[in-house]
Amino acid sequence: MADVLKGSNINEKEVKPKKKLSLKLPEFPGYILYVDTESLDKSHMPDFSLPDDVEISNNETVPPSTKPLPKVSEGNAEKEEISRMLDDPTFQHFTEILAYNPGQVMRYELNGTPLLYSAKDDVSKIFYDEKGRLRDEPLIPNPGYNPSSSRRFELQLMPKMIIDLEEGNEDIINGMEWGTIIVATDESDFIPKLDENHIGYVEEWCGVQWEEEVKRGI
């Protein structure tokens, strides 16, 4: 038997008025993302030498989290900030890698290792031990929706994304000040229960390394 289309008078049905949101949500321009294999061309190695009047402290007798911030005058505050930030080899490596591909907004490496923004915060301790060695298994919590599984690194968001999202947009209060956002996902790719629109959500793990923590030397 053939399917039959039946018409109906719209007046015969009760039409519910659409609810309007009272909340104004931020809008962002659309972007086209493309993925490419990372290329580190040594012939374009950026110059990260410090100015002659900026020095890096080699005093490691005081833990980084307890180092007192030096009192600096307004004239050399910027140089002192550069010195503190470059005192972290992890941050310096992060900067060097980004200099090869400054336009990247995301790094994707399933089962890989994140490019850390700092080695002086709690997020770095998840991937590296107290001696700075990469852990065989990162200390990422297992997914609560699939306790028998574990999570692995999948991707991270990069600072260039901040520039693109904030461009011409005043809805982001006080701006964003993260250095990188690391995302780890379920190793077994658990499929959640889907709704009537065939959409399902799971809560994954995100580790945020803040720009301000690097500036303070934490």
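Preceding this section is the structure that the text describes.
### Considerations on the environment of S124
With respect to the helices and strands, S124 occurs in helix α3 (residues 122-127). When the C-alpha positions of S124 and L134 are compared, they lie 9.8 Å apart, and in sequence the two are ten residues distant. In this structure S124 touches L116, S118, A119 and Q209, once residues within four positions along its chain are discounted.

### Focus on the nonpolar core
Core analysis: the largest hydrophobic core is formed by nine residues, namely L116, V123, I126, F127, I140, F153, I182, A184 and W205. Here the element with the most residues in this core is α3; it accounts for three residues. Once you skip the residues sitting within four places of it in the chain, I182 turns out to touch P114, L116, V123, F127, F153, L155, Q156, W205, C206, G207 and Q209. Counting residues in hydrophobic clusters, the runner-up holds eight residues, among them V105, L155, L157 and W178.

### What about the sheet that holds strand β1 (residues 106-108)?
Taken together, four strands build an open sheet; the order of strands is β1-β2-β3-β4 and the sheet is antiparallel. Across the chains shown, the open sheet's two edge strands, defined by having one partner strand only, are β1 and β4 (205-210). Within this sheet the neighbouring strands show an average axis-to-axis angle of 25°, counted without direction. The sheet contact formed by β1 and strand β2 (residues 151-157) spans three bridges and is antiparallel. Within β2, the residue paired with Y108 across the bridge is L155.

### A look at the packing of aromatic side chains
Throughout the structure, instances matching the rule amount to four aromatic pairs. Where F91 meets Y117, the ring centres are 5.2 Å apart and the plane angle is 85°; that geometry is what we call edge-to-face. Taken together, the residues span a long stretch of sequence, with F91 in helix α2 (residues 89-100) and Y117 in the loop between β1 and α3 at a distance of 26 residues. Across this residue pair, the class does not change: F91 and Y117 are buried. Here the aromatic rings of F127 and W205 are separated by 6.3 Å at their centres, their planes lie at 65°, and the arrangement is edge-to-face. One end of the pair, F127, is in helix α3; the other, W205, is in strand β4, with 78 residues separating them in the sequence. Across the pair, W205 and F127 agree in class, each one buried. Within the aromatic cluster, the residues linked to one another by ring pairs are F91, F94 and Y117.

Basis of the calculations
- Residues numbered from 1 in each chain as written.
- Predicted model: local features only at pLDDT ≥ 70, side-chain atom pairs only at ≥ 80, totals over all residues.
- Heavy atoms only, no water.
- Helix = DSSP H or I, 4+ residues; strand = E, 2+ residues; numbered from the N terminus.
- Contact = heavy atoms within 4.5 Å.
- Core = buried A, V, L, I, M, F, W, Y, C linked by side-chain atoms within 4.5 Å.
- Buried < 20%, exposed > 50% of the residue type's maximum accessible area, 1.4 Å probe, protein only.
- Pairing = 2+ DSSP bridges.
- Axes fitted to C-alpha atoms, helices over the stretch in contact; angles between N-to-C directions.
- Phe/Tyr/Trp six-rings, centres within 6.5 Å; stacked < 30°, edge-to-face > 60°.

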